[in-house]
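As a plain string of letters, each chain reads:
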Amino acid sequence: MRRARAVEKDSIQITTVKDLTWVFESLASTQVAKVKNKVQMSTEFFKLLWKRYSSIRIDPKKRITNRDESEQNKKQAFVIITAEAGLSGEIDQHLIETMLKDYDSATTDIVVLGSHGANQLTERKIPYVRFFKVPESENYIDVGPVIDAILPYSKTIVYFEEYVSLGVQEIRSINLITSLKDMSEDVDEDVMTAGNTIFEPSLDEIADEMEVTMMKLALSQTILESSLAQEASRFNAMAIAKKRATEILGGYQLEYHRAKRSENDRRMREVMVSLKEKRKRQGARA
Amino acid sequence: MALPQTNEKLKVIARAPFNVYYEGDAEAVTATNRVGKFDILPAHADFFSILSPGEIIIETSSEPIVFNVSNGIVTVRDNEVMLFVNI
């Protein structure tokens, strides 16, 4: 059995680990709430803008989808949204494995967001055509360069981790163009035409600008979703670490009390033995 | 800027993806597009435009709301002004 003092020393270290995991868990929880709020605001923004976009074309969904249908002969792009650094556990590995199931180098180019994913692809010797840091900002996500990179492709599939709930995150892939259909709701909006509306600079230029804007927003939403899922994963990892630290600490406390009692018992035995011997010696003298 | 005497008000929504600049009634909105600076007053014709970088001024019954934008879309329809900015 270890000495109580040694157990106490280990116990203090585990208490520090437990306190740290508690702090990280709290930070992750705050981040989850913050990003969740952003997702909600961004979704509302998208819906409002979609409502206006719907009003300038009879079927804006068809216009966006047409880009997909008219350029069938071109390559497709896989966009993979990974973490910017480590601490993302095995999520990025799973993301890459899922993407590779559909990957054909002859027909597909990979665009990677996040250093962690880029490193993993390099380790696996899988080529990617473009790399971007995950665009992140408190007020604005600049996905312009990413959109410029994927516009020439006939189809863009985005692989990312989706937030289902705090405890559940799933890997998902979406077609960026057709996903616009899913993200928007059908709106009963009167058509704004050149006959009843002033368009500046022109209806066509506005339609083109809006199309790219809607794609930007769709990609930003996906990045936010991914970020939310990553924060939730961190929260879960910290919650598990805290639980494990608490269990270890409980074990150490039990071991400490046993060691302490054992030490006390030993001391007591020593006292009793010495008393007995003293009495024996006194008896012999008498 | 001298505002015309009218009881009509604009209903203004000014938003960025993660920010609500203003939502409520207003007397006028000033913004900039490729043509130049323009004002939107009550009873303005239906309008759809791409915003250029610059200042947005929303004249409310109290303090004017002023903020800068890098890009955006503005629409006017039946006295409802929507500003989607910093996209």
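Everything that follows concerns the structure shown earlier in this document.
Figured I'd write up the structure that's included with this text. This structure is a prediction, so every number in the text was calculated from the model and none was measured.

## Quick notes on unusual backbone geometry
As a rule of thumb, non-glycine residues mostly have phi less than zero, and peptide bonds are mostly trans rather than cis.
At step 1: The amide bond that connects E200 of chain A to the next residue, P201 of chain A, takes the cis arrangement and shows omega of 10°.
At step 2: Here P201 of chain A is to be found in the loop between β6 (198-200) and α7 (203-285).
At step 3: Positive phi, normally seen in glycine, also occurs at N86 of chain B, with a value near 50°.
At step 4: Among the structural elements, N86 of chain B can be located in the segment after β9 (80-85).

## Observations regarding the pairing of strand β4 (residues 155-163) of chain A
Residues and elements named next belong to chain A.
At step 1: Extensive coverage of β4 is indicated by the burial of eight of its nine residues.
At step 2: In the sheet, strand β1 (residues 76-81) pairs with β4 via five bridges, with the strands oriented parallel. Counted as the bridge partner of A77 is T156 from β4.
At step 3: In the sheet, β4 pairs with strand β5 (residues 169-175) via seven bridges, with the strands oriented antiparallel. When the bridges of β5 are listed, E162 appears paired with E170.
At step 4: Connecting β4 to the antiparallel partner β5 that follows it, the hairpin turn spans five residues.

## A few points about the packing of helix α1 (residues 4-54) of chain A against α7 of chain A
All names here are of chain A.
At step 1: Where α1 meets α7, the axes come as close as 6 Å, and the angle between the chain directions of the two elements is 160°. In terms of orientation, α1 lies roughly antiparallel with respect to α7. Note on packing geometry: the crossing formed by α1 with α7 is left-handed.
At step 2: Considered class by class, the residues forming the contact of α1 with α7 number 29 nonpolar, twelve polar and 13 charged.

## Brief notes about the sheet that holds β1 of chain A
All names here are of chain A.
At step 1: With respect to topology, five strands assemble into an open sheet ordered β3-β2-β1-β4-β5, the strand pairing being mixed. The open sheet has two edge strands, β3 (130-132) and β5, and neither has a second partner. Shown here is a sheet whose adjacent strand axes are inclined to one another by a mean of 20°, direction ignored.
At step 2: Pairing geometry for strand β2 (residues 108-113) and β3, over three bridges, is parallel.

## Re the interface of chain B and chain A
At step 1: If you look at the interface, chain B gives 19 residues, while chain A gives 23 residues.
At step 2: At the level of elements, β1 (10-16), β5 (47-51) and β9 of chain B are the ones that each hand at least two residues to the side of chain B that touches chain A.
At step 3: With four residues, β5 of chain B is the largest single contributor of residues to the side of chain B that touches chain A.
At step 4: Its residues assigned to classes, the side of chain B that touches chain A shows eleven nonpolar, five polar and three charged.
At step 5: Of the strand pairs in this sheet, β6 of chain A and β5 of chain B are connected by three bridges, and their pairing is parallel. Paired with E200 of chain A across the strands is S49 of chain B, a residue of β5 of chain B.

## Description of the pairing of strand β6 (residues 54-59) of chain B
All names here are of chain B.
At step 1: Pairing analysis gives three bridges linking strand β3 (residues 28-33) to β6, with the strands arranged antiparallel. Residue pairing across strands places A28 opposite E59, the latter belonging to β6.
At step 2: Direction of pairing for β6 relative to strand β7 (residues 65-69): antiparallel, over a ladder of five bridges. Note on β7: the bridge partner recorded for I56 is F67.
At step 3: Between the end of β6 and the start of β7, which pair antiparallel, lie five residues.

## Description of the nonpolar core
Across soluble globular proteins, nonpolar side chains have a tendency to be buried as a group.
At step 1: Counting residues in each nonpolar core, the largest one holds 76 residues, and the members touching the most others are V79, I80, I81 and Y159 of chain A together with V29 of chain B.
At step 2: Residue contributions to this core peak at 14 residues, all from α7 of chain A.
At step 3: Ignoring anything within four residues of it in the chain, the contact list for Y159 of chain A reads F78, I80, I81, L95, T98, M99 and S173 of chain A.

Reading the values: the criteria
- Residues numbered from 1 in each chain as written.
- Chains lettered and ligands numbered in written order.
- Predicted model: local features only at pLDDT ≥ 70, side-chain atom pairs only at ≥ 80, totals over all residues.
- Helix = DSSP H or I, 4+ residues; strand = E, 2+ residues; numbered from the N terminus.
- Buried ≥ 20, exposed ≤ 12 C-beta atoms within 10 Å, placed from the backbone.
- Pairing = 2+ DSSP bridges.
- Axes fitted to C-alpha atoms, helices over the stretch in contact; angles between N-to-C directions.
- Parallel < 35°, antiparallel > 145°, perpendicular 65-115°, else oblique.
- Left-handed = near helix turned anticlockwise from the far one by under 90°.
- Nonpolar A, V, L, I, M, F, W, Y, C, P; charged D, E, K, R; others polar.
- Contact = placed C-beta atoms within 7 Å.
- Core = buried A, V, L, I, M, F, W, Y, C linked by C-beta atoms within 7 Å.

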